[in-house]
Amino acid sequence: MIATALSIAGSDPSGGAGIQADLKSFSARGVYGMTALTALTAQNTCGVTAIEVLSPDFVTAQLDAVFSDVRVNGIKVGMIANAAIASAVAEGLQRYAEAIPVVVDPVMVAKGGARLLDPDAVHAVATQLLPCATVITPNLPEAAALLGCSEATSRSIMEEQAHRLVEMGPDAVLLKGGHLPGAHSPDVLVTNGQTHWLEAVRVETANTHGTGCSLSASLAAELAKGLPLIDAAKVAKAFSNSTLPLLPAGWSLYQFWGPVYD
């Protein structure tokens, strides 16, 4: 029986990030994808020009519709937009997802600089969504915002911040180190008091639109299929990284899916 995964996130009409990118990752990883929209954006690989946020009641209605009819094996939470939607999603997860792995990607700012989460909503994400998560996948700026501290500038600080994030309620943290300087792009996974480093050589490219969505969605897909967290994280990182060297100039991640790693 094919596994299923639900993405709760915003829309990207260019297909490079958000709901559209998540569906492509789900398909590439061999799971059936579903969606619950939180916001509509006008964006492409160059930036975000407009955002229309959906009502919390409509987000809840979408969750009710999916869970009342379709089996859900994994969940990815992306763009939340504001505190009211964060509360609605958290309530939905508490109602429906007690035994379902949940990946929370705390999207705050698009790579082009547009804010995708209201500043006053960071507290709601930290206090309501993080405790619902099996694993969260922040980058270094997002981790700093959640913790109210400076951005990590070394592996030791990354590891320390990841442990602090676990104390905020998620079962595990996959802290992405792509913002660190140097020839490598390490991620650190902290779970059950254990620390695992996931290594990768940095790919020098400006075509990074959608990479965070790729990682979190493919992680949710692998968890939906029953893979243990450390193995799922390794597969997700390999899948996300595998496409970057193959991208023609100006393309986003999802204009080329790249190979599927089983």
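Residues numbered from 1 in each chain as written. Predicted model: local features only at pLDDT ≥ 70, side-chain atom pairs only at ≥ 80, totals over all residues. Heavy atoms only, no water.

Novice: Mind showing me how you'd approach the overall build of the chain here?
Specialist: For the chain, the helix and strand inventory stands at eight helices and nine strands. Within the chain, residue pairs in contact and separated by at least 24 positions form 67% of the contacts whose partners lie at least 6 positions apart. Looking at the chain as shown, the accessible area adds up to about 10800 Å², and 55% of this sits on carbon and sulfur atoms. (Helix = DSSP H or I, 4+ residues; strand = E, 2+ residues; numbered from the N terminus. Contact = heavy atoms within 4.5 Å. Areas by Shrake-Rupley, 256 points an atom, 1.4 Å probe, with all protein chains shown as cover.)

Novice: Is there a simple way to explain helix 1 (residues 18–28) in this structure?
Specialist: All buried positions along helix 1 are accounted for by Gly18, Ile19, Ala21, Asp22, Ser25, Phe26 and Ala28. Structurally, helix 1 contributes buried residues whose contacts are with strand 1 (4–11), strand 2 (32–44), strand 4 (74–77), helix 7 (211–224) and helix 8 (229–242). In the segment just after helix 1, Gly30 is the residue with positive phi, at about 85 degrees. (Buried < 20%, exposed > 50% of the residue type's maximum accessible area, 1.4 Å probe, protein only.)

Novice: Hey, could you run me through the pairing of strand 3 (residues 47–53) in this one?
Specialist: Side-chain positions along a regular strand alternate between the two faces of the sheet. The sheet contact formed by strand 2 and strand 3 spans six bridges and is antiparallel. What sits directly across from Ala42, in strand 3, is Ala50. In textbook terms, the turn of a hairpin is the stretch between consecutive antiparallel strands, and for strand 2 and strand 3 this stretch comprises two residues. (Pairing = 2+ DSSP bridges.)

Novice: Just checking my understanding: could you explain the nonpolar core for this structure?
Specialist: Ranked by size, the top nonpolar core spans 49 residues in total, and within it Leu6, Ile8, Ile75, Val77, Val89, Leu93 and Leu129 carry the most contacts. What Leu93 contacts, discounting residues up to four positions off in sequence, is Ile8, Ile75, Val77, Glu98, Val102, Leu129 and Cys132. Residues Leu215, Leu219, Leu223 and Ala236 belong to the second largest nonpolar core, which totals 21 residues. (Core = buried A, V, L, I, M, F, W, Y, C linked by side-chain atoms within 4.5 Å.)

Novice: I would appreciate a short explanation of the sheet that holds strand 4 in the present structure.
Specialist: Spatially, the nine strands line up as an open sheet ordered 3-2-1-4-5-6-7-8-9, and their pairing is mixed. The open sheet has two edge strands with one neighbour each: strand 3 and strand 9 (194–198). Note that strand 1 and strand 4 share four bridges and pair parallel. Each residue of the ladder has a partner; that of Ala5, found in strand 4, is Gly74. Packing of helix 3 (residues 83–96) onto the sheet brings it into contact with strand 1, strand 2, strand 3, strand 4 and strand 5 (102–104), and relative to strand 4 it is tilted by some 170 degrees. (Axes fitted to C-alpha atoms, helices over the stretch in contact; angles between N-to-C directions.)

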